[in-house]
Amino acid sequence: MGMRVLIVGGVAGGMSAAARARRLSESAEIIVFERGPHVSYANCGLPYFLGGEITDRKKLLVQTPERLRAVFNVDVRTRSEVTAIHRERREIEVRDLVSGHTTTERYDALILSTGAAPIVPGVPGTERPGQFALRTLEDMDQIDAWVRDRAARTAVVVGGGFIGLEVAEQFHERGLRVAVVERNPQVLKPFDPEMAAHLHLELRGHGVALHLSNGLARFDGPGAGETAGASVVVLADGTRLPADVIVTGLGVRPESQLAVAAGLDLGRTGGIKVDAHLRTSDPHIYAVGDAIEVTHAVTGAPALIPLGGPANRQGRTAADNIFGIASAYPGTLGTAIVRVFGLAAAVTGANEAQLRAAGITFEAVHLHPNSHAGYYPGAKALSLKILFAPDSGKLLGAQAVGADGVDKRIDVLATALRAGMTVDDVADLELCYAPPFGSAKDPVNLAGMVAQNVRAGRVRTIQWDAVARLDRSRALVLDVRDAQERAGGAIPGSVHIPLGELRTRLDELPRDREIVAHCASGQRSYTACRVLMQHGFQCRNLVGSFKTWKAAQDGLLPR
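Just so we're clear, the structure is a prediction, and the values are computed from it rather than from any experiment. (Residues numbered from 1 in each chain as written. Predicted model: local features only at pLDDT ≥ 70, side-chain atom pairs only at ≥ 80, totals over all residues. Heavy atoms only, no water.)

## Digging into the layout of surface pockets
Then, number 1: Approximately 670 Å³ is the volume found for the second largest pocket.
Then, number 2: If you trace the second largest pocket, you find 29 residues lining it, with Leu367, Leu446, Val450, Ser521 and Gln523 closest to the centre.
Then, number 3: With six residues, the top contributor of residues to the lining of the second largest pocket is helix α12 (residues 443-455).
Then, number 4: For the lining of the second largest pocket, the residue count by class is 14 nonpolar, 13 polar and two charged. (1 Å grid on protein atoms, 1.4 Å probe; cavity = no way out; pocket = protein on both sides within 12 Å on 5 of 7 lines; lining within 4 Å. Points joined across faces, edges and corners; volume = space filled by probe spheres on them. Helix = DSSP H or I, 4+ residues; strand = E, 2+ residues; numbered from the N terminus. Nonpolar A, V, L, I, M, F, W, Y, C, P; charged D, E, K, R; others polar.)

## Quick look at the state of the cysteines
Structurally, a disulfide amounts to a covalent bond that connects the sulfur atoms of two cysteines.
Then, number 1: For the structure shown, the criterion picks out one disulfide.
Then, number 2: Disulfide pairing places Cys529 opposite Cys539 at an S-S distance of 2.3 Å. On the sign convention where negative is left-handed, the bridge of Cys529 and Cys539, at about -65° about the S-S bond, is left-handed. Here Cys529 is found in helix α14 (residues 523-534), whereas its partner Cys539 is found in strand β32 (residues 539-542), with ten residues between them in sequence. For the pair shown, Cys529 and Cys539 are each scored as buried. (Disulfide = S-S within 2.5 Å. Buried < 20%, exposed > 50% of the residue type's maximum accessible area, 1.4 Å probe, protein only.)

## Some details on the pattern of salt bridges
Any two side chains of opposite charge can pair, given that their charged atoms come close.
Then, number 1: In the structure shown here, the tally under the stated rule is 39 salt bridges.
Then, number 2: Arg89 is the salt-bridge partner of Glu88, the closest N and O atoms lying 3.5 Å from each other.
Then, number 3: With relative accessibility at 62%, the residue Glu88 sits in the exposed group.
Then, number 4: Where Arg486 meets Asp479, a salt bridge forms, and the shortest distance between an N and an O atom there is 2.9 Å.
Then, number 5: Arg486 gets classed as partly exposed once you look at its relative accessible area, which sits at 22%.
Then, number 6: The network of salt bridges with shared partners includes Arg4, Glu29, Arg69, Asp75, Arg77 and Glu105. (Salt bridge = Lys/Arg side-chain N within 4 Å of Asp/Glu carboxyl O.)

## Structural notes on the sheet that holds strand β12 (residues 154-158)
Two modes of strand pairing occur in sheets, parallel and antiparallel, and in both the strands are linked by backbone hydrogen bonds.
Then, number 1: Taking strand neighbours across the sheet as the criterion, the five strands line up as β11-β18-β12-β13-β14 in an open arrangement whose pairing is parallel. Here the strands that pair on one side only, and so sit at the sheet edges, are β11 (131-132) and β14 (209-212).
Then, number 2: Here β12 pairs with strand β13 (residues 177-182) via five bridges, running parallel. When the bridges of β13 are listed, Val157 appears paired with Val180. (Pairing = 2+ DSSP bridges.)

## As for the sheet that holds strand β2 (residues 29-34)
Then, number 1: Pairing is parallel across the open sheet formed by five strands, whose spatial order is β5-β2-β1-β9-β20. Whereas interior strands pair on both sides, the edge strands pair on one side only; in this sheet they are β5 (75-78) and β20 (285-287). Here the average twist between neighbouring strands, direction ignored, is 15°.
Then, number 2: Where strand β1 (residues 4-8) meets β2, five bridges bridge the pair, whose relative direction is parallel. Paired with Arg4 across the bridge in β2 is Glu29.
Then, number 3: Contacts between helix α1 (residues 11-24) and the sheet are confined to β1, β2 and β9 (109-112), with β2 contributing the most and set at about 170° to the helix. (Axes fitted to C-alpha atoms, helices over the stretch in contact; angles between N-to-C directions. Contact = heavy atoms within 4.5 Å.)

## So, the side chain of Glu202
Then, number 1: Relative to the elements of secondary structure, Glu202 occurs in helix α6 (residues 193-205).
Then, number 2: Lacking a salt bridge, the buried Glu202 has Arg339 as its closest oppositely charged neighbour, with an N-O distance of 9.1 Å.
Then, number 3: Residues in contact with Glu202, not counting those within four places in the same chain, are Val340, Phe341, Gly342 and Leu343. (Lys, Arg positive; Asp, Glu negative; His and termini not counted.)

## Section: unusual backbone geometry
Then, number 1: Positive phi, close to 55°, is recorded for Arg90, a residue that is not glycine.
Then, number 2: Looking at where Arg90 falls in the secondary structure, it is placed in the loop between β6 (80-86) and β7 (91-96).
Then, number 3: Look at Arg90 and you get partly exposed, because its relative accessible area is 30%.

## Observations concerning the packing of α1 against helix α8 (residues 308-322)
Then, number 1: Contact pair α1 / α8: the axes reach a minimum separation of 7 Å and the direction vectors enclose 35°. You can see that α1 and α8 cross each other, and the crossing is right-handed. Across from Ala12, Gly13, Ser16, Ala17, Arg20, Ala21 and Leu24 in α1, the residues of α8 making contact are Gly308, Ala311, Asn312, Gly315, Arg316, Ala319 and Asp320.
Then, number 2: Counted by class, the contact of α1 with α8 contains six nonpolar, five polar and three charged residues. (Left-handed = near helix turned anticlockwise from the far one by under 90°.)

Keep in mind that these numbers describe shape and distance, not what the molecule does.
Given below as structure tokens:
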């Protein structure tokens, strides 16, 4: 008789484990218990149904129990909740949510894929109607019906994470007036502030009201002169936002209650603790997906990173180990992407805050290359940032925001991170090129080259946020852009000498003060610094130059 493998929870991690287990063993008995009505659905696609981009609900159902039985001979039992694990007997208790009956099932190996639950705001008024989280198909159906049946016109999204921004975009596309509430100074915490600033500008440019550094205080009923089909969202500073529909996207917490009740160890973050083989503290029980604590692949810190891609790979790894294939999960980079109207924003590896928390020394460079050759029609500028170790040059993280080509560059840099590449390796990557698709020096190559120059000491740099702290009696900000560019905006107090005139006007610059040079993106100001340094001046290049500084000023300052 074959091994008996029981899996608690479906969707990404659980179903990946089930499919891999069957491919490895035709004789195994594989049973999946899912407390909801659907065992395999595209939860990442839920916001796009709300906005009407996905019109056929059935397309969100990836697999049905019937098809899983026919193709994989997997016994899928929906509306079945696992209520207890008896480790000493290797048994679980399962309650049928339709009949109410409880049964006991024996296992040789058990996989927990219990997922994570939305965080419910701990404020007064959460019992009021019209408030939703978006995690399941049933959540999606309820939101869709509420908006449709009540002809909702205003929406408030509480939380500026990935799902929150996707919902905000889709509500706007549906014709609702949308506000986003975020207690932090920026949306999308995995991004550094100056990168998130581009998204702030994009949201505001589409009429989305952003309330940053202003947390949720309570939900009220409408007062005099207020119209709200759901509630009035009251913020920490007293601002009142009447809403016909409210979606909270405050993040998720691991569903670890079953593991805790069974006496399994939890990690520091509250996720189920697993080893590199995804075994829990019980050698017969594995855990995968949003419920587990992972190791951040760059910082080495324990982390909760609830993403579909890692969950799928974890399910495969757990099944491998159950069936005797030594397989280790290498940690999670946190590679993710989101679309916000006309922009895409993607991230991989560690950001500045994570590196500081881990005590890792780093340097950062920004650049603003085109998505493909500038002379070919349709090229779009993208903002690219990489973080790297100054001593070894090892790549530590990358972020990009732009209208085109963002996913390609971050995918390449995620691969480089996983391979342990340095900025020298990145500069030398041979990437495909033709004018419609890229440039002879791809943005990824350019990022490596800029970092090489910094590491080699060919130029010293200064970050966008240090400009405001400059002692102007000791430093001069030099703008080397053309006059027409400067007419569109300038850093206050800067001196203007176009790059083409610099060599003939060196006597206008002080030799007893440091020169902070900038252009639009950093390339011309790097050339300016090289000229100045070789003529005896002290010079630093403003990283990302005017584009990064301007985006941060406009996107991060309170409105």
